[in-house]
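# Structure at a glance
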Amino acid sequence: MKILVIGSGGREHALVWKLRQSPRVSRVYCAPGNAGIAAEGECLPVDVKSVESLLALAAQIKPDLTVVGPELPLQLGVVDEFTRRGYRIFGPPQSAAQLESSKSFAKEFMQRHHIPTAHYAICDSTKDVADALPHFHMPVVVKADGLAAGKGVVICKSKEEASAVAAEMLSGKMLGEAGARVVLEECLKGEELSFLVLSDGERVAALAAAQDHKRVGEGDTGANTGGMGAYSTQTVVDAQMQNWLLQHVARPVIAGMKAEGTEYKGVLYCGLMMTARGPMVLEFNCRFGDPETQPILMRLESDLLEALEASIDGRVSDGDFRWSTDASVCVVMASGGYPGTFEVGKKISGLEDVEKVAGVKVFHAGTTKHDDAYFTAGGRVLGVTARAASLDEAVKRAYEAVQKISFGGAYYRKDIAARALKK
Ligand code: AMP
Ligand code: GLY
């Protein structure tokens, strides 16, 4: 089989790496991919923001299956267009991708279907914000309605700060169109959990759960990012909690979508806060998480291709995934300055040595290659991922590998999975 993976990040590198292990896969293409992916598949320079270009590519290479990594092509309807032309593609249709691409849609959907989430107000003007703010305790969370690559959420300590941030978003200065509408939200306390399920539009199967580290700074401080590291173990959620989340979150979403006329096929990522009042949904993503996918797929022992096809063909079952009891962790190495401004084009050294560390795999995100040397090309550069029998050992191996890699201005958090290790 020929597979086309759409995207260019660490998540897509992990998808390509895992799909290549399937005995039924003969060739993997990635559009546009990155320098790390190019070592395992064929990268084709196509803009993921253009569904037309992706269709033209499909007409040329005739993939037997296309797998969509990032949210943007989903929001643009790539699944609908590919399906219309008879291409098999993994992911939800445009109507379902709204769960991720519009926070106000997601909040109202959750309210309609009784899915636990924080109190909120949807605001289209500074007047709406002024009217709503008195009803919130501080801190309060201000969120841009649209897609903002993990950067559209600001936790505000005071009402003044919240109205200033909301005004900035609404004016379009901060995030363009994505901030034309904002959602104010009650600030929740607790540990975060990334709970992903595979769905065929009717049934769901849980993936191994993971914990992401969204803030740029150690101890979960500083700005929100796309994710600075993640880990996955057998105990991130126990069987009882998994059942609760399936019953109260994942299944109601898929059933709610169906009741509203949308067949949700693909991965549903439930971003949760485990609060004293119970789990509450922070967000939904309509795709695999990045960086969660890197440690999750490191623990997957069964064939990923079989699972993705079960979703498309309407035969998802609990047996679709077999997980290792090992733990895994991914430490993101980023360009200094990320998620703000940063420089690119720094030479990366040490990559040859790292995979000698047992159980380590380096997934590339923002990298390019010239004359046999790798250079930085984005905010998140590498996802250094390790697997071992215990979380402690996986963390040790990941940081041992990180230490071998260097590039100008390299930044990484030193406390990925530290809280779990303390427990
Ligand atoms: P979101 O894109 O909505 O998931 O928000 C990104 C990140 O902001 C989450 O992963 C949390 O770390 C944080 N966050 C979002 N909503 C809340 C909330 N209501 N309370 C506390 N933190 C939040
Ligand atoms: N790691 C968060 C996300 O994929 O959106």
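Residues numbered from 1 in each chain as written. Chains lettered and ligands numbered in written order. Predicted model: local features only at pLDDT ≥ 70, side-chain atom pairs only at ≥ 80, totals over all residues. Heavy atoms only, no water.

## Quick word on the site of ligand 2
Note the cut-off: Any residue with a heavy atom positioned within 4 Å of a molecule or strand is treated as near that molecule or strand. Definition of a polar contact: a pair of N or O atoms within 3.5 Å, with one able to donate and the other able to accept a hydrogen when the atoms are protein atoms, and with sequence-neighbouring residues admitted only if both atoms are side-chain atoms. Surface accessibility follows the Shrake-Rupley procedure with a 1.4 Å probe radius. Residue values consider only the protein chains on display as shielding.
Around ligand 2, the neighbouring residues are Asp212, Lys214, Gly226, Tyr269, Asn285, Arg287, Gly289, Asp290, Pro291 and Glu292. Asn285 is positioned such that a nitrogen or oxygen atom in its side chain is 3.1 Å from an oxygen atom of ligand 2. Between Glu292 and ligand 2, the recorded distance is 2.9 Å, taken from a side-chain N or O atom to a nitrogen atom. Coverage of ligand 2 by the protein chains reaches 91% of its 200 Å² of free accessible surface.

## Details of the side chain of Thr262
The criterion, for reference: Runs of H or I in DSSP of at least four residues are treated as helices and runs of E of at least two as strands, each being numbered from the N terminus. Any pair of residues with heavy atoms lying within 4.5 Å of one another is described as a contacting pair.
By the element assignment, Thr262 lies in the loop between helix H9 (239–259) and strand E16 (265–275). For Thr262, the side chain forms a polar contact with the side chain of Ser95, separated by 2.9 Å. Not counting residues up to four positions away in its chain, the partners in contact with Thr262 are Pro93, Ser95, Ala96 and Met257.

## What about the site of ligand 1?
Heads up, the condition is: We call Asp, Glu, Lys and Arg charged. Ala, Val, Leu, Ile, Met, Phe, Trp, Tyr, Cys and Pro are nonpolar, and the rest, Gly among them, are polar.
Taken together, 15 residues lie around ligand 1, and Lys143, Glu186, Leu188, Glu192 and Glu283 are the ones closest in. Lys143 is positioned such that a nitrogen or oxygen atom in its side chain is 2.8 Å from an oxygen atom of ligand 1. Contacts to ligand 1 include Asn224, whose side-chain N or O atom sits 3.3 Å from an oxygen atom. Surface burial for ligand 1 is 95%, taken as the share of its 460 Å² of free accessible area covered by protein chains. Within the residue set of the shell around ligand 1, elements represented by two or more residues are strand E7 (140–144), strand E8 (153–156), strand E9 (182–186) and strand E17 (278–285). Each residue belonging to the shell around ligand 1 can be placed in one class, and the counts come to seven nonpolar, one polar and seven charged.

## Points about unusual backbone geometry
Keep this limit in mind: Accessibility here uses a 1.4 Å probe with only protein chains present; expressed as a share of the type maximum, an area under 20% marks a residue as buried, one over 50% as exposed, and anything in between as partly exposed.
Residue Pro139 is reached from Met138 by a cis peptide bond, and omega for that bond is -5°. Looking at the secondary structure, you find Pro139 in the loop between helix H7 (126–132) and E7. Look at the link from Tyr338 to Pro339: it is a cis peptide, with omega at 10°. Phi is positive for His114, which is not a glycine, with a value near 55°. Here His114 lies in the loop between helix H6 (103–112) and strand E6 (120–123). Its relative accessible area of 70% is what places His114 among the exposed residues. A positive phi is found at Asp372, a non-glycine position, where the angle reads about 70°.

## Regarding the pattern of salt bridges
Keep this limit in mind: A carboxyl oxygen of Asp or Glu within 4 Å of a side-chain nitrogen of Lys or Arg is what we treat as a salt bridge.
Counted according to the given criterion, the structure contains 36 salt bridges. Note that Asp220 and Arg419 form a salt bridge whose closest N and O atoms lie 2.2 Å from each other. Here Asp220 is found in the loop between strand E13 (215–217) and strand E14 (221–224), whereas its partner Arg419 is found in helix H14 (residues 418–422), with 199 residues between them in sequence. On the basis of relative accessible area, Asp220 is assigned to the partly exposed category, the value being 27%.

## Overview of the sheet that holds E7
Just so we agree on the cut-off: Strands are treated as partners if at least two bridges between them are detected by DSSP. Throughout, an axis means a line fitted to C-alpha atoms (over the contacting stretch in the case of helices), and angles, computed between N-to-C directions, take values from 0 to 180 degrees.
Overall, antiparallel pairing links the four strands, which are arranged E6-E9-E7-E8 in an open sheet. The sheet is open, and its two borders are formed by E6 and E8, each paired with just one other strand. Pairwise comparison of adjacent strand axes, ignoring direction, gives a mean angle of 20° for this sheet. Relative to E9, E6 runs antiparallel, the two being bridged by four bridges. Paired with Ala121 across the strands is Leu184, a residue of E9. Its contacts with the sheet place H6 against E6, E7 and E9, and it is angled at close to 140° to E6. Here helix H8 (residues 159–170) sits on the sheet in contact with E6, E7, E8 and E9, set at roughly 0° to E7.

## Things to note about H8
Test applied: An expected span of 1.5 Å times one less than the residue number is assigned to each helix. An arc is given here, and it is the one of the directions from the helix axis to the C-beta atoms.
The end-to-end C-alpha distance of H8, which contains 12 residues, comes to 16 Å, matching closely the 16 Å that a straight helix rising 1.5 Å per residue would cover. Listing the buried residues of H8 in full gives Ala162, Val165, Ala166, Met169 and Leu170. Across the axial projection of H8, the buried residues extend over an arc of 135°, all falling on one side. Against E6, H7, E7, E8 and E9 lie the buried residues of H8. Note on H8: the residue one or two positions beyond its end, Gly172, has a positive phi of about 90°.

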